[in-house]
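The lines below spell out each chain.
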Amino acid sequence: MKIFPERVVLELTPMCNLSCFMCPRHYIEDTEGFMDEALYKKLVDEVAIENPQAIILPFWRGESCMHPKFKDMLRYTLEKGMRVHLSTNGHFLDDEFMNIFFKCEFVTFSLHDNRGYKNAKKFLKAKPSWSSVTIQVSFVDVERSTQKFLQECTSEQGLNGFDSVRLYAEHTIEGEFGKSGLESDAERIFCPKLEDSLVVSADGQISRCNHIWEMETVGDLVNSTIKEVWHGERINEIRCEYPDVKCSPCDQWAGHTKGEAWRKTEDGKVNHVVYSNISSLCETPKADASFFIYMSDFQNLKSCLNH
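Residues numbered from 1 in each chain as written. Predicted model: local features only at pLDDT ≥ 70, side-chain atom pairs only at ≥ 80, totals over all residues. Heavy atoms only, no water.

1. What about the overall build of the chain?
Selection criterion: Strands are runs of DSSP state E lasting at least 2 residues, helices are runs of H or I lasting at least 4, and numbering of each runs from the N terminus. Any residue under 20% of the maximum accessible area for its type is buried, any over 50% is exposed, and the rest in between are partly exposed; the area is computed with a 1.4 Å probe on protein chains only. When checking whether two residues touch, look at their non-hydrogen atoms; a contact exists if any pair is within 4.5 Å. Reported accessibility uses the Shrake-Rupley method at a 1.4 Å probe radius. Residues are deemed covered only where the shown protein chains occlude them.
Counting its secondary structure elements, the chain contains eight helices and 13 strands. Per-residue burial over the chain gives 52% buried out of 307 residues. Considering only residue pairs separated by 6 or more positions, the chain has 68% of its internal contacts joining residues 24 or more positions apart. In the form shown here, the chain has an accessible surface area of approximately 14,500 Å², with 49% of it arising from carbon and sulfur atoms.

What follows is the structure, given as structure tokens:
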């Protein structure tokens, strides 16, 4: 286990301007509210001191751009020199938003309609030479719009200009968070999320994982520090009892959300990767893409962690 998390998810809001039919938001109760700016800054300050190389992900169950202080909060984070990875549906994209996005390390446009896709291409085209942001577009396999956009992006040799294209399998089935229901023949390993990531909801409560869209009843960041919660009794209990009743239905434990990815390489080719819990390996006949089943190389921790 890491001394301090390498990835810190700070949910700015669980609110969203869309209502996608497959979204796990339909199974949660807390769909309103915004993270207090003072709390956000307190957490960013701690990350900057304890692990300045950690990645801050200022989003989770909603559209973060809806936060009235989004621009100020992101500027604060970037001015601290922090690594920021952001996800947005692309509906909020004025010049101020774009200038902030350009300074992030990674931005993924989670696309569900023409407006989002159009704005993702607008952002890509407007990217200035000084920006090193990695730009990804992502889709969910069960949406009607997916095949149209996915085919347009992946049929082009250069991914239509994007650095990466991600296709996610639907990963909450009948209210069971993290469950894709896809076939698996691999032995379950200890989930790396419990070793390197912490999720904080908009009201300061904690979740064990970005796939489990509900809060723990013990521990909050309003009255505690990240370090205290990370080494606290509840998180250690979850690690020791893994997989417990909440983790057991989830099948995202290999280290990557199930689905597919197309990514550019330095030599201009495209790698096509399938993330699954299938322990087989194969290649596609496409000369410019490698196709393989990914298995996490994280150590399988079967015994209870000692702290």
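Following the structure, the description resumes.
2. Notes on the pattern of salt bridges
Our working rule: Here, a salt bridge means any side-chain nitrogen of Lys or Arg that lies within 4 Å of a carboxyl oxygen of Asp or Glu.
Inspection of the entire model under this criterion finds 21 salt bridges. In this structure, the salt-bridge partner of D45 is K80, at a minimum N-O distance of 3.2 Å. Pair noted here: D45 is in helix α1 (residues 37-50) and K80 is in the loop between α2 (70-79) and β3 (83-88), with a separation of 35 residues, a long-range link. Judged by its relative accessible area of 40%, K80 falls in the partly exposed class. Here K69 and D72 are joined by a salt bridge, their closest N and O atoms 3.9 Å apart.

3. Here we look at helix α8 (residues 233-241)
Inspection of α8 places R234, I235, N236, I238 and R239 among the buried residues, and these make up the whole buried set. The elements touched by buried residues of α8 are α6 (193-196), β10 (206-207) and α7 (226-230).

4. Details of the confidence of the model for the chain
Test applied: For every residue, the predictor states its confidence as a pLDDT score lying anywhere from 0 to 100.
The pLDDT averaged across the chain works out to 88; a share of 90% of its residues lies at or above 70. Segment residues 280-307 is flagged for pLDDT under 50; beyond a separation of four residues in sequence, or across chains, it makes 57 contacts in the model.

5. Quick look at unusual backbone geometry
Residues Y242 and P243 are joined by a peptide bond in cis, for which omega reads -10 degrees. Positionally, P243 belongs in the loop between α8 and β11 (259-264).

6. Some points on the packing of aromatic side chains
The test is simple: The pairing test for Phe, Tyr and Trp rings, Trp by its six-membered ring, is centres within 6.5 Å, and the orientation test on the planes gives stacked under 30 degrees, edge-to-face over 60, and tilted for anything in between. Look at NZ for Lys and CZ for Arg. If either is within 6 Å of the ring centre and within 35 degrees of the ring normal, a charge sits over the ring.
Within this structure, the stated rule accounts for 12 aromatic pairs. Look at F102 and W130: their rings are 6.3 Å apart centre to centre, the planes differ by 85 degrees, and that puts the pair in the edge-to-face class. Placement of F102 in helix α3 (residues 95-102) and of W130 in the loop between α4 (114-126) and β5 (134-140) is noted, with a sequence separation of 28 residues between them. Taking the relative accessible area as the measure of exposure, W130 reaches 53% and is therefore exposed. Ring plane angle 65 degrees and centroid distance 5.2 Å describe the contact between F190 and Y242, whose orientation is recorded as edge-to-face. Of the two residues, F190 is situated in the loop between β8 (176-177) and α6 and Y242 in the loop between α8 and β11; the sequence distance between them amounts to 52 residues. Linked through ring pairs, F70, F92, F97, F101, F102, F109, F123 and W130 together constitute an aromatic cluster. A cation over a ring is seen here: K71 above F97, with NZ or CZ 4.5 Å from the ring centre.

7. Looking at the state of the cysteines
Under the convention used in this document: Disulfide: a pair of cysteine sulfur atoms within 2.5 Å of each other.
Evaluated as defined, the whole model comprises zero disulfides. With no disulfide of its own, C65 has C104 as its nearest cysteine by sulfur position, at a separation of 9.6 Å. Taking relative accessible area as the criterion, C104 reaches 2% and is therefore assigned buried.

8. A closer look at the side chain of R25
Condition: Counting rule for charge: Lys and Arg are taken as positive, Asp and Glu as negative, and neither His nor the chain ends is counted. Polar contacts here mean pairs of N or O atoms no more than 3.5 Å apart (in protein, one a potential hydrogen donor and the other a potential acceptor; neighbouring residues in sequence count only if both atoms are side-chain atoms).
Mapping R25 onto the fold places it in the loop between β1 (7-10) and α1. Buried and unpaired, R25 has no salt bridge, with E32 as the nearest side chain of opposite charge at 6.1 Å. A distance of 2.8 Å separates the side chain of R25 from the backbone oxygen of P14, its partner in a polar contact. In contact with R25, not counting residues within four places along its chain, are P14, M15, C16, L18, T31, R61 and W213.

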